[in-house]
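Read off the chains here:
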Amino acid sequence: LIGLAVLLSVAAKGMAATADFAARCAALQTPEISGLTVEKATVVPAGKVKAGVGPGAEVALPTHCLFRGTLGARTGDQGQHLGIGIELRLPLQWNGRFLFQGGGGLDGVLGPSYGLVSGAHFPPALARGYAVVATDGGHRSASMIDPHFALDQQGRIDYAYNALDKTTVLAKQLINRFYGTGPSR
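Figured I'd write up the structure that's included with this text. (Residues numbered from 1 in each chain as written. Predicted model: local features only at pLDDT ≥ 70, side-chain atom pairs only at ≥ 80, totals over all residues. Heavy atoms only, no water.)

### So, the overall build of the protein
So, step 1. When helices and strands are counted, the protein shows two helices and eight strands.
So, step 2. Starting at the N terminus and ending at the C terminus, the protein contains elements arranged as α-β-β-β-β-β-β-β-β-α.
So, step 3. Taken across its 185 residues, the protein has 37% of its residues classed as buried.
So, step 4. The contacts in the protein between residues at least 6 apart in sequence include a share of 68% that link residues at least 24 apart.
So, step 5. In the form shown here, the protein has an accessible surface area of approximately 10000 Å², with 59% of it arising from carbon and sulfur atoms. (Helix = DSSP H or I, 4+ residues; strand = E, 2+ residues; numbered from the N terminus. Buried < 20%, exposed > 50% of the residue type's maximum accessible area, 1.4 Å probe, protein only. Contact = heavy atoms within 4.5 Å. Areas by Shrake-Rupley, 256 points an atom, 1.4 Å probe, with all protein chains shown as cover.)

Here's what the structure looks like:
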């Protein structure tokens, strides 16, 4: 009987922690940060996702909060989607660390922020407890080789340096709001 009571107590605490986690994630829908348009803030259950090609291309990810938004969203003269897009993933079991996942090419693609270590046999940073952020470099395109964003002066500035700085600052603000403390590393 005592064992059953302990088991039920542990289960109740786990359910309360999960409910609190979901509430904190939902609260990111309205972060009240000037110029930020929130696209999504939702809990993603633990599971495997496809990350790459070939055998072993699936990785296991923990339960986490997925946040997506855009700073300074606007439409360029050519109809392109401009503004600094970010994707931040916040794990249920956070290790207190933060990882900025880089892009590639001319950016423009907001890839999943898993924190993959290319060519290595390590679990992604998210699976190791890191909060992980990625950016599209200030514009969204069909591919990482589309240069149309460069027709816009602010698009060039965002790509050159603004996206890195503003994404880092925003991610740290959201981490602090979500966990109640900023990253230690």
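### A word on the pattern of salt bridges
Two side chains that carry opposite charge are able to pair once their charged atoms sit near each other.
So, step 1. This structure, assessed with the given rule, holds seven salt bridges.
So, step 2. Residues Arg 24 and Asp 20 are paired through a salt bridge, measuring 3.1 Å at the closest nitrogen-oxygen approach. Note that Arg 24 and Asp 20 are positioned in helix H1 (residues 2-27) at a spacing of four residues, about one turn of the helix.
So, step 3. Classification of Arg 24 as partly exposed rests on a relative accessible area of 25%.
So, step 4. Ionic pairing is found between Glu 39 and Arg 140, a salt bridge with its closest N-O pair at 3.4 Å. You can see Glu 39 sitting in strand S1 (residues 36-44) and its partner Arg 140 sitting in strand S8 (residues 139-140), a full 101 residues away along the chain. (Salt bridge = Lys/Arg side-chain N within 4 Å of Asp/Glu carboxyl O.)

### A look at the side chain of His 139
So, step 1. Topologically, His 139 is positioned in strand S8.
So, step 2. With relative accessibility at 0%, the residue His 139 sits in the buried group.
So, step 3. Excluding residues that lie within four positions of it along the chain, His 139 makes contacts with His 81, Leu 82, Gly 83, Leu 106, Asp 107, Gly 108, Val 109, Phe 149 and Tyr 159.

### Details of the side chain of Asn 162
So, step 1. As for its placement among the helices and strands, Asn 162 is situated in helix H2 (residues 153-179).
So, step 2. Residue Asn 162 is classed as buried on the basis of its relative accessible area of 15%.
So, step 3. If we ignore the near neighbours within four places in the chain, the residues touching Asn 162 are Ile 84, Gln 154, Ile 157 and Thr 167.

### Quick notes on a nonpolar patch on the surface
So, step 1. Among the surface-exposed residues, Val 109, Met 144 and Ile 145 lie close enough to one another that they form a single nonpolar patch of about 280 Å² accessible area.
So, step 2. Structurally, the position occupied by Val 109 is in the loop between strand S6 (98-101) and strand S7 (131-135).
So, step 3. By relative accessible area, Val 109 is classed as partly exposed at 36%. (Patch = residues over 30% accessible without salt bridge, like charges linked within 9 Å, V, L, I, M, F, W, Y side chains within 5 Å.)

### Details of unusual backbone geometry
If a residue is not glycine, its phi is most likely negative; likewise, a peptide bond is most likely trans.
So, step 1. Despite not being glycine, Asp 107 has its phi angle at roughly 55°, a positive value.
So, step 2. Looking at the secondary structure, you find Asp 107 in the loop between S6 and S7.

### Here we look at the pairing of strand S3 (residues 58-61)
So, step 1. Burial along S3 is one-sided: the residues Val 59 and Leu 61 are buried and none of Glu 58 and Ala 60 is.
So, step 2. Where strand S2 (residues 47-50) and S3 come together, four bridges link them in antiparallel fashion. Counted as the bridge partner of Lys 50 is Glu 58 from S3. (Pairing = 2+ DSSP bridges.)

### Comments concerning the nonpolar core
So, step 1. Among the nonpolar cores identified, the biggest contains 23 residues, and Leu 28, Phe 67, Leu 88, Leu 90, Ile 175 and Phe 178 are the most heavily contacted of them.
So, step 2. For this core, the secondary structure elements donating two or more residues are H1, S1, strand S4 (64-75), strand S5 (81-91), S7 and H2.
So, step 3. Among the elements that make up this core, the one with the highest residue count is H2 (seven residues).
So, step 4. Excluding residues within four positions of it along the chain, Leu 88 makes contact with Cys 65, Leu 66, Phe 67, Ser 113, Val 132, Val 133, Ala 171, Leu 174 and Ile 175. (Core = buried A, V, L, I, M, F, W, Y, C linked by side-chain atoms within 4.5 Å.)

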